[in-house]
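# Survey of secondary and tertiary structure
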Amino acid sequence: MHRRGVWDDGLTLHQKPPPRGGTGGTGGKGGNASEAPCGLLYLAAPAALAAYICNMDDSLYFTDQHLQVRDMVRDVARQVIRPTARRYDLESQFPWDNVKQMADLGLLGIPWPEQLGGAGMDYLSYIIVIHELAKVDASHAITVSAHTTLGTSPIVDFGTEEQKRRFVPLLATGKVLGGFGLTEPGAGSDAGGTKTVAVDRGDHYVLNGSKIFITHAGVGEIIVATARTDPAAKKTRGITSFIVTKDTCDLAEATRVGTGHEPTLPKCPGVLTGKKEDKLGWRASDTRELVFQDAIVPRENVLGQFNGGFRHMLHTLDGGRIGLAALALGIAEGALEECLAFTATRKQFGKAVASFQGVHFALADMATEIEAAKHLVYHAAWLKQTGRPFKPEAAMAKLYASELCMRATIKAVQLHGGYGYTTEYPVERMMRDAKICEIGEGTSEIQRIVIARQLLGDLID
C-alpha cells in the first residue's frame, strides 16, 4: 500500500545484486533500465512496480494524517533501523539507541491521549507503525507492539484515573518500557492455568510464582502481571491483574541513551528476571523469565476488577492479535519487496531471474495473499477503532497473516537461492522472525478455536 503507488525514495528499498557472481556492488543501485525484466521496467519505472504490487486503495481506511504517519515511520525504518537490524539480530542485542529514537518520535505512545503523554493519534495509526516497522525488522516492531498493546493498554483500559496518571505518561513517552506477564511454564495456551499466587497482606499483596517468554521482562520497568487471588474459585475466575514495577536489567544502557529507566518510580521488591532467551527469531527483542519471590505489590497497584484478570487478559489479547497480524503482514510484505529487488537484478542463464515463469507464480501468490491479509488486518483495526465487536475478525487476521508470513518468507529464501540462506540478505532473518507469529499471542490453533466458537456458539462446550 503506497500512496498513489509511489515509493518515498523513488526506487526500491534494496536494489542490491548478489555480492558474488552478480552485477554491481553490495550497496549500490546496480543494473540499469535495459537490464530490467520484460514487463516490469524495474529500475526505469519503480512507481509502476509499486502500483503493480500494492493495490489496496488508501482511501478505504486512511486519512492524510495516516499517510503522513506512514511516510514518517517508513523513513525511520529505512534510515535508522535497516542499517543496524542485522547487527542487533546477530548479537542478540536490545536496540537501545533505536528505541530512544523511536521514543523521541512518539512511536511508543501513538494511540494514547496527549494529556497522558501520548501522541493523540488513533488505533489505525498505531497499526500502520507496526506494519511499516516490521517490513524492515520484526524485533523493532514487536518492541513497540508489546510495549503499547500488552504493557500499556491494560492500564489505559482498566486502570483508575490515578493509575493512568502515574504510569501511562512514563510508558507513552518511552521513559520506561512496559510488558505483560501472562505465560507460565504450565499455562501457555491454557492461560487459565495460572499458578502464580497473590496473597492479601492488608496494604499490599505478596506474589510468588514465575512467568516465561515475557517480552521486556528484563528491560521493562512496568509489567502488567496476572496472579491467582482466589484459589477456591473456578479456573478462570480467581485471577487478578497487578501493575508490577521493577528496575530495568540494563541500567547502564538505559542511562546512557536516556530512556528505559525512571529512578523516581517506586519499585516492587522481590521481582527478579532471568537470562535472556536465545531465540530462533526476534533476537533483538528482550524475552526472559519473570520471577516473583515474595514480591511486594502495593494494594493500589491492583488493576481493574478484583478476580477479573482473566477477562482483562482476553480483552488485551484480542487487541494484541491485530497488532501481531500487522507485524506478520509487514514481514511478508518486506520479504516480497526483497524478492522483487533480488530477482530483478540477479541473472541466470543470461537473463534476470524475475523473467522466469516459475518465479512469476511465486511472486504472484505472495502479492495476492499479502493483499488479502491487508484487508483482514485493517478491517479488524477499523472495527476496533470504531468501537464495534472485533474478536473473530482479529483472530482471522492474526491466523491468516501469521501463516501467510511463514509461507512468504520460505518462498523468499527459495527465490534468493543460496544467498537467501546467508545472513547477508535479510530474508533469512525474516523467515526466522516469521515462525513466532504463528505461536505468540495465541497459536494458530487457538485462533481457529476462537473463530469456530463465534461460528458455532453453544455447540462448542
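Notes on the structure follow.

With that settled, consider the overall build of the protein. For the protein, the count of helices and strands is 12 helices and 10 strands. Expressed as a percentage of its 461 residues, the buried residues of the protein come to 59%. Put simply, of all contacts in the protein between residues at least 6 apart along the chain, 74% involve residues at least 24 apart.

A separate point is the pattern of salt bridges. Inspection of the entire model under this criterion finds 26 salt bridges. Across the pair Arg-70 and Asp-58 runs a salt bridge whose closest N-O atoms are separated by 3.2 Å. With Arg-70 in helix H2 (residues 64–91) and Asp-58 in the loop between helix H1 (46–53) and H2, the pair connects residues that are 12 residues apart, well separated along the chain. With respect to class, Arg-70 is no different from Asp-58; both count as buried. Arg-407 serves as the salt-bridge partner of Glu-369, at 2.4 Å between the closest nitrogen and oxygen. One end of the pair, Glu-369, is in helix H9 (residues 357–385); the other, Arg-407, is in helix H10 (residues 391–416), with 38 residues separating them in the sequence. Judged by relative accessible area, Glu-369 falls into the buried class, the value being 17%. Connected through shared salt-bridge partners, Arg-74, Glu-132, Lys-135, Glu-333, Glu-371 and Lys-374 make up one network.

Turning next to the packing of H2 against helix H3 (residues 96–104). Following both chains from N to C, one finds H2 and H3 inclined at 150 degrees, their axes separated by 10 Å at the closest point. As the angle between them shows, H2 and H3 are arranged roughly antiparallel. As for the relative orientation of H2 and H3, their crossing is left-handed in sense. Judged by residue contacts, Val-80, Ile-81, Thr-84 and Tyr-88 of H2 engage Asp-97, Asn-98, Gln-101 and Met-102 from H3. Its residues placed into classes, the contact of H2 with H3 shows 4 nonpolar, 3 polar and 1 charged.

Right, let's talk about unusual backbone geometry for a bit. With phi around 55 degrees, Phe-349 is a residue other than glycine that occupies positive phi space. Looking at the secondary structure, you find Phe-349 in the loop between strand E9 (347–348) and strand E10 (351–352). For Phe-349, a relative accessible area of 78% puts it in the exposed group. Although it is not a glycine, Glu-441 sits at a positive phi angle of roughly 55 degrees. The topology assignment puts Glu-441 in the loop between helix H11 (427–435) and helix H12 (444–456). Glu-441 sits in the buried class, given a relative accessible area of 15%.

Before going further, it helps to spend a moment on the layout of surface pockets. Rolled over the atoms, a probe sized like a water molecule indicates the empty space that remains. Approximately 1,100 Å³ is the volume found for the largest pocket. Lining the largest pocket are 41 residues; nearest its centre among them are Thr-183, Ile-439, Gly-440, Glu-441 and Gly-442. Looking at the lining of the largest pocket, the element that brings in the most residues is helix H8 (residues 309–345), giving 7 residues. Looking at side-chain class alone, the lining of the largest pocket contains 20 nonpolar, 11 polar and 10 charged residues.

In this section: the packing of helix H5 (residues 138–158) against H8. H8 packs onto H5 with a crossing angle of 155 degrees between their chain directions and a minimal axis gap of 10 Å. Put simply, H5 runs roughly antiparallel to H8. The handedness of the crossing between H5 and H8 comes out as right-handed. Where H5 abuts H8, its residues Ala-138, Ala-141, Ile-142, Ser-145, Thr-149, Leu-150, Ser-153, Pro-154, Asp-157 and Phe-158 lie against Arg-311, His-312, His-315, Thr-316, Gly-319, Gly-320, Gly-323, Leu-324, Leu-327 and Ile-331. Considering only residue class, the contact of H5 with H8 consists of 9 nonpolar, 9 polar and 2 charged.

Position of Ala-335 relative to the elements: it lies in helix H8. Given a relative accessible area of 0%, Ala-335 falls into the buried group. The spacing of Ala-335 and Ala-412 is 77 residues in sequence and 6.0 Å in space, taken between C-alpha atoms. Filtering out sequence-adjacent residues up to four positions away, Ala-335 remains in contact with Met-366, Ala-408, Thr-409, Ala-412 and Met-430.

On to the pairing of strand E1 (residues 178–181), then. Burial along E1 is two-sided: the residues Gly-178 and Phe-180 and Gly-179 and Gly-181 are all buried. Relative to strand E4 (residues 222–228), E1 is paired through 4 bridges, and the arrangement is parallel. Bridging across to E4, Gly-181 finds its partner in Ala-225.

What counts as what
- Residues numbered from 1 in each chain as written.
- Predicted model: local features only at pLDDT ≥ 70, side-chain atom pairs only at ≥ 80, totals over all residues.
- Heavy atoms only, no water.
- Helix = DSSP H or I, 4+ residues; strand = E, 2+ residues; numbered from the N terminus.
- Buried < 20%, exposed > 50% of the residue type's maximum accessible area, 1.4 Å probe, protein only.
- Contact = heavy atoms within 4.5 Å.
- Salt bridge = Lys/Arg side-chain N within 4 Å of Asp/Glu carboxyl O.
- Axes fitted to C-alpha atoms, helices over the stretch in contact; angles between N-to-C directions.
- Parallel < 35°, antiparallel > 145°, perpendicular 65-115°, else oblique.
- Left-handed = near helix turned anticlockwise from the far one by under 90°.
- Nonpolar A, V, L, I, M, F, W, Y, C, P; charged D, E, K, R; others polar.
- 1 Å grid on protein atoms, 1.4 Å probe; cavity = no way out; pocket = protein on both sides within 12 Å on 5 of 7 lines; lining within 4 Å.
- Points joined across faces, edges and corners; volume = space filled by probe spheres on them.
- Pairing = 2+ DSSP bridges.

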